[in-house]
Amino acid sequence: MKKSVRQSIWIALIAALAVLLLIAAGALKRMDKWAQDALFQRPGQTSPEIVIIGIDDQALAELGPYNTWDRNIVASALEVLASDPASQPAVVAIDTLYAGASEPAADRRLAEAAEALPAVVTASVADFGTEYQSGADGGLAVNSYAVLRYEQPYEALRTATVQGHINAMYDLDGVMRHGVLYVDIPASLLDGDAAEGHTRRVYSMAYETARQYAAQRGGSVGEPVTDRRGHFYIPFAARPGDFYDGVSVADLIRGDVPADYYAGKIVFIGPYAVGLQDAYFTPISRAEQMYGVELQANVVQSILEGDFKREASDLPQYILLFLLAFAAMLLFQTGRLRRSVWIGLALIAAGIGGSLLLYGLGYVTHPTWLPAVVLALFIVSVVRHYIRAAMERQRVTRTFERYVAPEIVQEILREGTDSLRLGGTVRDIAVLFVDVRGFTTMSERLPPEKVVFILNRYLTMTSSCVEKNRGTLDKFVGDATMAFWGAPLPMDDPIYFAAKTAMDIVEGARELSERLKEEIDEELRVGVGVHYGPAVVGNMGSERHMDYTAIGDTVNTAARLEANAPGGTVYISRAVADALGDRAKTTSLGGSVKLKGKAEGFEVLTLDELQE
């Protein structure tokens, strides 16, 4: 394998493992719960066989505060339901607790009213806590889910009815997503109802209600899939208020509820008022609480319809997620951005669609895991691509700057490939040429390696002087260097910087000559020419091979000045001298220096000194 392929595989493995560990640590737990609620918990059709008669605000207004009610009131409601044997409900579930004895006549009346109906389910409650128990090895074991107390109806009512617990449990975020199918009650809490040392399994009110209803129709119900504590996932069919038709227990007692409303059906009687504090936040409507009797009705409907959902094991989801994350990261690294986007969208859609499909088949999965991981890995890959591109750009830029002036490189990078088209513009620029005096003779008498050594030292010095003074290094031609100021970017006072570069080169050549004298017994002297004027600046050459350079009479004049300048001397034109003004000391040579191609009277000056 190529090194880059191996590197991509390792990065994909590390990334897949990292996101897997984050998810296992619970990074998406809250988000995943919200996504499950939004995707899975959708309202459907409520069963017409389930009705609710509420202990609502109307009943409290007519019959008094709930804490003043005796058991005669609910007994009256049951008596109305039982008054016509042909129109009795199939099952009545009373979602309130009647533990302990009260006024004997009221207790007897309630029990007798319940006994007159085909089936009545009454409430019991278990209190949970932490308990230290003896372990199999003789030591102490901590049971954080121990039943410490169990309340059930008083004996007469218990005998006349079926009991179902009304324990409820919230998830950690305060939403009721799970029900408690059964509670195992220790024998010590059952008043002799179970043999010593054994427990009795008490099912929930919803399950007992569904079971009694199915039994009356010659059928049976299955059990939801539970965890080791009897908890199961509730698939809600209705939002808060969907099961409730506004029928109050006060209406029932007055005889205002027609018998066909409840005949042969499941009737829930329970609190339906805010002040009674029997309401819960549920996943089907997180903003509105659902009353306990509505929660019971939802669970009963799911049990009767056999709509049981199993929460899928995390292990196979972890394995599948790791494999898909590895493949996605590998594809993101090796593919183009557009293809990566389509791959990412496809995986996100597959994650959400697969979760919905599995939910329909009865499995509750984690719908956010794959979409969130794919999105995170896509962002990571884009950032990584960007960093790699930036590093490559920087590397190319550094390499390119070895061949082309940095200013030209920056201009190309800023303007894009349009700046690489052939053509030029006329600009006023200062042009500098520098050349080694006697270089041809030196090349003939010195070995090639020594010539190259001297030339590289010299060209390094001249290019450094140009760059230090913000010039554009045009080219090296043998031992000559050409540079200009004022292009590709306009600048203030280009003539001064060109003159300053010329003086720096002369001084640099002097110092370099001294070192070369000591090292290889050779000396180096240069001549410099500087001129200012209009020139055509741009890309010259062919479409495949071009130079960013300047051409025109100004360039030719600067070259002629350099060609005539003695070693250690800077020749400038009158245009340069006038622009420098008092900042420079010059000596006019008048027309004594004849420049090729120039008419008589072209003034040449030496640049003797330049002020900072």
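Conventions and cut-offs
Residues numbered from 1 in each chain as written. Predicted model: local features only at pLDDT ≥ 70, side-chain atom pairs only at ≥ 80, totals over all residues. Heavy atoms only, no water. Helix = DSSP H or I, 4+ residues; strand = E, 2+ residues; numbered from the N terminus. Rg over C-alpha atoms; globule rule 2.2 N^0.38 Å. Buried < 20%, exposed > 50% of the residue type's maximum accessible area, 1.4 Å probe, protein only. Contact = heavy atoms within 4.5 Å. Areas by Shrake-Rupley, 256 points an atom, 1.4 Å probe, with all protein chains shown as cover. Lys, Arg positive; Asp, Glu negative; His and termini not counted. Charge placed at Lys NZ, Arg CZ, Asp CG, Glu CD. Salt bridge = Lys/Arg side-chain N within 4 Å of Asp/Glu carboxyl O. Phe/Tyr/Trp six-rings, centres within 6.5 Å; stacked < 30°, edge-to-face > 60°. Expected span 1.5 Å × (residues − 1). Core = buried A, V, L, I, M, F, W, Y, C linked by side-chain atoms within 4.5 Å. Patch = residues over 30% accessible without salt bridge, like charges linked within 9 Å, V, L, I, M, F, W, Y side chains within 5 Å. Axes fitted to C-alpha atoms, helices over the stretch in contact; angles between N-to-C directions. Parallel < 35°, antiparallel > 145°, perpendicular 65-115°, else oblique. Left-handed = near helix turned anticlockwise from the far one by under 90°. Pairing = 2+ DSSP bridges. Polar contact = N/O pair within 3.5 Å; in protein donor to acceptor, adjacent residues only side chain to side chain.

For the protein, the helix and strand inventory stands at 18 helices and 22 strands. Over its C-alpha atoms the protein spans a radius of gyration of 47 Å, topping by over 25% the 25 Å that the globule rule assigns to 612 residues. If one aligns the C-alpha atoms of the protein with their principal axes, the spans along those axes are about 140 × 60 × 40 Å. The buried share among the 612 residues of the protein stands at 47%. Taking contacts inside the protein between residues at least 6 apart in sequence as the whole, the part at least 24 apart equals 74%. Element-wise, carbon and sulfur atoms account for 55% of the exposed surface of the protein, whose accessible area totals about 30,600 Å². Of note, the protein has its 57 positive side-chain charges centred 11 Å away from the centre of its 75 negative side-chain charges.

Our focus in this paragraph is the pattern of salt bridges. Overall, the coordinates contain 27 salt bridges when judged by the stated rule. Between arginine 109 and glutamate 79 there is a salt bridge, with the nearest N and O atoms lying 2.7 Å from each other. Here arginine 109, found in helix α5 (residues 104-115), pairs with glutamate 79, found in helix α4 (residues 71-82); they are 30 residues apart in sequence, far enough to count as distant. Residue class for arginine 109 comes out partly exposed when judged on its relative accessible area of 27%. Put simply, Asp37, Asp171, Asp173, Arg177 and Arg286 are held in one network by salt bridges that share partners.

Bringing the side chain of glutamate 208 into the picture now. By the secondary structure assignment, glutamate 208 is in helix α7 (residues 205-216). Since its relative accessible area comes to 8%, glutamate 208 is described here as buried. Sequence-distant contacts of glutamate 208, that is, excluding residues within four places in its chain, are made with Val121, Val162, Gln163, Gly164 and Tyr203.

This paragraph deals with the packing of aromatic side chains. The tally for this structure, following the rule as stated, stands at 11 aromatic pairs. Plain terms: the ring middles of phenylalanine 40 and tyrosine 359 are 4.4 Å apart, the flat faces sit at 5° to each other, and that makes the pair stacked. Of the two residues, phenylalanine 40 is situated in helix α2 (residues 29-40) and tyrosine 359 in helix α11 (residues 337-360); the sequence distance between them amounts to 319 residues. Accessibility assignment for this pair places phenylalanine 40 and tyrosine 359 in one class, buried.

The subject of this paragraph is α7. In a regular helix each residue adds 1.5 Å, so 12 residues correspond to 16 Å; α7 covers 17 Å between its end C-alpha atoms and thus fits that length. Looking at α7, one finds that the buried residues are Met205, Ala206, Tyr207, Glu208, Thr209, Ala210, Tyr213 and Ala214. On its buried face, α7 is in contact with β2 (91-94), β3 (120-134), β5 (162-165), β8 (199-203), β10 (266-272) and α9 (292-304).

Within the largest apolar cluster, 44 residues are counted, with the highest numbers of intra-cluster contacts made by Tyr458, Trp485, Val528, Val530 and Leu580. In contact with tyrosine 458, other than residues within four places in its own chain, are Val434, Asp435, Val436, Asp479, Ala480, Thr481, Leu512, Leu524 and Val526. Core analysis: the next-biggest nonpolar cluster, separate from the first, contains 39 residues, Val121, Tyr203, Val221 and Ile303 among them.

By the secondary structure assignment, tyrosine 262 is in the loop between α8 (249-254) and β10. Distance from tyrosine 262 to glycine 581, taken between C-alpha atoms, is 111 Å for residues 319 residues apart in sequence. When neighbours within four sequence positions are excluded, tyrosine 262 is seen to be in contact with Val51, Val80, Leu81, Ser87, Gln88, Pro89, Leu252, Val257 and Val267.

Among all residues save glycine, negative phi is the norm, and among peptide bonds the norm is trans. A cis geometry characterises the amide bond from alanine 487 onward to proline 488, with omega recorded as 0°. You can see proline 488 is positioned in the loop between β17 (480-485) and α16 (494-520). The phi torsion at arginine 470 lies on the positive side, around 65°, for a residue other than glycine. Its location among the elements puts arginine 470 in the loop between α15 (448-468) and β16 (472-477). Residue arginine 470 is classed as partly exposed on the basis of its relative accessible area of 47%. Located in the positive-phi region is aspartate 493, a residue other than glycine, with phi close to 55°. Checked against the element boundaries, aspartate 493 lands in the loop between β17 and α16. We classify aspartate 493 as partly exposed; its relative accessible area is 31%.

All right, on to a nonpolar patch on the surface then. A contiguous nonpolar surface patch, about 630 Å² in accessible area, is contributed by Leu375, Ile379, Val383, Tyr386, Ile387 and Met391. Positionally, isoleucine 387 belongs in helix α12 (residues 369-400).

For the pair α7 and α9, interaxial distance at closest approach is 9 Å and the crossing angle is 45°. Taken together, the axis directions place α7 and α9 in an arrangement best described as oblique. You can see that α7 and α9 cross each other, and the crossing is right-handed. For the pair α7 and α9, contact is made by Met205, Ala206, Tyr207, Thr209, Ala210 and Tyr213 and by Gln296, Val299, Val300, Ile303 and Leu304, respectively.

Its 12 residues place the ends of α4 17 Å apart at the C-alpha level, agreeing with the 16 Å of an ideal helix rising 1.5 Å per residue. Counting buried positions along α4 yields 9 of 12 residues, so the element is predominantly enclosed. Residues Arg71, Ile73, Val74, Ala75, Ser76, Ala77, Leu78, Leu81 and Ala82 constitute the buried set of α4. Contacts from the buried residues of α4 go to α3 (57-63), β2, α5, α8 and β10.

A few words now on the pairing of strand β22 (residues 604-610). Taking burial as the measure, the 7 residues of β22 include 5 buried ones, the bulk of the element. In terms of strand pairing, strand β20 (residues 569-573) meets β22 through 3 bridges, oriented antiparallel. In the sheet register, isoleucine 572 faces β22, and the bridge partner there is leucine 605. Looking at chain direction, strand β21 (residues 584-588) and β22 are connected through 5 bridges and run antiparallel. Bridge pairing in β22 links threonine 587 to threonine 606.

As a further point, take the environment of leucine 117. Counting through the fold element by element, leucine 117 comes out in the loop between α5 and β3. Leucine 117 sits in the buried class, given a relative accessible area of 6%. The spacing of leucine 117 and valine 92 is 25 residues in sequence and 8.0 Å in space, taken between C-alpha atoms. Residues in contact with leucine 117, not counting those within four places in the same chain, are Leu78, Leu81, Ala82, Gln88, Pro89 and Val92.

Before going further, it helps to spend a moment on the side chain of aspartate 278. As for its position among the elements, aspartate 278 is in the loop between β10 and β11 (279-282). In this structure, aspartate 278 is buried with no salt-bridge partner, the nearest side chain bearing the opposite charge being arginine 149 at 16 Å. A polar side-chain atom of aspartate 278 sits 3.0 Å from a polar atom in the side chain of tyrosine 280. Contacts of aspartate 278, omitting those with residues within four sequence positions, involve Asp95, Pro271, Met290, Tyr291, Gly292 and Val293.

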